[in-house]
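Below are the chains, spelled out letter by letter.
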Amino acid sequence: MRMKLHGREKPSEEETEPHSLYMPGRVWVTLENMAFVSSAVSLVLYFNDYMNLTIPESAVVLTNVMGTTFILTLLGGYISDIYLTRFKTCVLFGIIEMLVRPHLYVHFYHLKSR
C-alpha cells in the first residue's frame, strides 16, 4: 500500500529495505574474513614451528608482512590510477617482488639459524 506524502508517493517498507538482496554479500564477506584469519593463524604456526621463532616474534613478523602487503596494495593502486597503466604497474611491482624476495630468504635463513 502506497501513501502520499506532500504530493509524492512514499515507497512501501518492502521497497525501501531489501535486506534479502544484501545477504549473499554478507555471506561472502564472512567467508573471506574466516579465510583471512585462518591464513594468519597458519602463518603464525609456520613461523613458530618451521622457522623456530617464538610466538611473539611470529606475531610481529606476521604483522609486518600483512602491513607491508596492505600498504603496497594502496601504493600500487595509487600509482596505477594516476601515473601508469595496469599492465605497467603489474610489471613494475613484479620486478620489485623479484628483487625483494631473495632478501627475505636470506633474512629468514639467518633468523632460523639463531
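All of these numbers come straight from a predicted model, not from anything done at the bench.

Cut-offs used in this document
Residues numbered from 1 in each chain as written. Predicted model: local features only at pLDDT ≥ 70, side-chain atom pairs only at ≥ 80, totals over all residues. Heavy atoms only, no water. Helix = DSSP H or I, 4+ residues; strand = E, 2+ residues; numbered from the N terminus. Buried < 20%, exposed > 50% of the residue type's maximum accessible area, 1.4 Å probe, protein only. Contact = heavy atoms within 4.5 Å. Patch = residues over 30% accessible without salt bridge, like charges linked within 9 Å, V, L, I, M, F, W, Y side chains within 5 Å. Areas by Shrake-Rupley, 256 points an atom, 1.4 Å probe, with all protein chains shown as cover. Salt bridge = Lys/Arg side-chain N within 4 Å of Asp/Glu carboxyl O. Core = buried A, V, L, I, M, F, W, Y, C linked by side-chain atoms within 4.5 Å. Expected span 1.5 Å × (residues − 1). Phe/Tyr/Trp six-rings, centres within 6.5 Å; stacked < 30°, edge-to-face > 60°. 1 Å grid on protein atoms, 1.4 Å probe; cavity = no way out; pocket = protein on both sides within 12 Å on 5 of 7 lines; lining within 4 Å. Points joined across faces, edges and corners; volume = space filled by probe spheres on them. Nonpolar A, V, L, I, M, F, W, Y, C, P; charged D, E, K, R; others polar.

Caption draft 1: Layout of the side chain of Thr 89. The residue Thr 89 is located in helix α4 (residues 86-112) in this model. Under the relative-accessibility criterion, Thr 89 is labelled buried at 7%. Each residue touching Thr 89, except ones within four places of it in the same chain, is listed here: Gly 76, Ile 79, Ser 80 and Leu 84.

Caption draft 2: Region of the structure containing a nonpolar patch on the surface. On the surface, Tyr 78, Ile 82, Tyr 83, Leu 84, Phe 87, Val 91, Leu 92, Ile 95, Ile 96, Leu 99, Val 100 and Leu 104 cluster together into a nonpolar patch covering about 1,200 Å² of accessible area. For the nonpolar patch, the secondary-structure elements that each account for two or more residues are α3 (55-82) and α4. Residue placement: Ile 82 occurs in helix α3.

Caption draft 3: Examining the nonpolar core more closely. Counting residues in hydrophobic clusters, the biggest one holds 10 residues: Ala 40, Val 44, Phe 47, Met 51, Leu 53, Val 61, Leu 62, Met 66, Phe 108 and Leu 111. Taken together, the elements giving at least two residues each to this core come down to α2 (19-49), α3 and α4. Leaving out residues up to four positions away in the same chain, Met 66 has contacts with Phe 36 and Ala 40.

Caption draft 4: α3, seen in detail. The terminal C-alpha atoms of α3 lie 40 Å apart, and with 28 residues this matches the ideal 40 Å at 1.5 Å per residue to within 8%. Three or more residues of α3 are buried, namely Ser 58, Val 61, Leu 62, Met 66, Gly 76, Ile 79 and Ser 80.

Caption draft 5: Expanded view of the packing of aromatic side chains. Tallying each qualifying case throughout the model produces 4 aromatic pairs. Ring centres 5.9 Å apart and planes at 55° place the aromatic pair Tyr 46 and Phe 47 in the tilted group. Residue classification places Phe 47 among the buried positions, given a relative accessible area of 6%. Ring pairs connect the aromatic residues Tyr 46, Phe 47 and Tyr 50, which therefore count as one cluster.

Caption draft 6: View of the layout of surface pockets. Within this model, the largest pocket holds a volume of roughly 870 Å³. Contributing to the lining of the largest pocket are 24 residues, with Val 65, Thr 68, Thr 69, Val 100 and Leu 104 lying nearest its centre. Among the elements of the structure, α2, α3 and α4 are those that each provide at least two residues to the lining of the largest pocket. Take the lining of the largest pocket: its biggest share by element is 12 residues, from α4. Residue classes in the lining of the largest pocket are distributed as 15 nonpolar, 7 polar and 2 charged.

Caption draft 7: The arrangement of unusual backbone geometry in detail. The phi torsion at Asn 52 lies on the positive side, around 55°, for a residue other than glycine. Along the chain, Asn 52 falls in the loop between α2 and α3.

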